[in-house]
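Overview (structure and organization)
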Amino acid sequence: MSAFFLFDNLEVTDPAALERYKDSVGPVVARYGGRYRVLGGATTVVEGSWQLRYPVIIEFDDADKARAWYNSDDYSALKALRQSAVVCNAVLIEGL
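Residues numbered from 1 in each chain as written. Predicted model: local features only at pLDDT ≥ 70, side-chain atom pairs only at ≥ 80, totals over all residues. Heavy atoms only, no water.

Its place among the elements puts Leu39 in strand E2 (residues 35-39). Take Leu39: its relative accessible area is 55%, and that puts it in the exposed class. Spatially, the C-alpha atom of Leu39 lies 10.0 Å from that of Asp8, the residues being 31 residues apart in sequence. Non-local contacts of Leu39, meaning those with residues more than four positions away in its chain, are made with Tyr54, Pro55 and Val56. (Helix = DSSP H or I, 4+ residues; strand = E, 2+ residues; numbered from the N terminus. Buried < 20%, exposed > 50% of the residue type's maximum accessible area, 1.4 Å probe, protein only. Contact = heavy atoms within 4.5 Å.)

Counting through the fold element by element, Asn9 comes out in strand E1 (residues 3-12). Put simply, Asn9 and Arg82 are 73 residues apart on the chain and 9.9 Å apart in space, counted from C-alpha to C-alpha.

Have a look at this one:
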């Protein structure tokens, strides 16, 4: 069953750190079988009042692989870098 991390970057507080993160994270995501499905882009609310600011969706083969990436030693320094650079909401969604 696929699993998806949805990150919504609400505010960039350190653009230079975010650029360093973006330059380094792709290979780490791929190492755990992750694939970017959304990276920014326009959003249109069709129901409710949710306003995504800058959505990022990463797909993994299953929730175990998604958690393995998110909690990995490979990602921990990058996660700290991202967290220092943006105010963000994030959820893990188990799909079909």
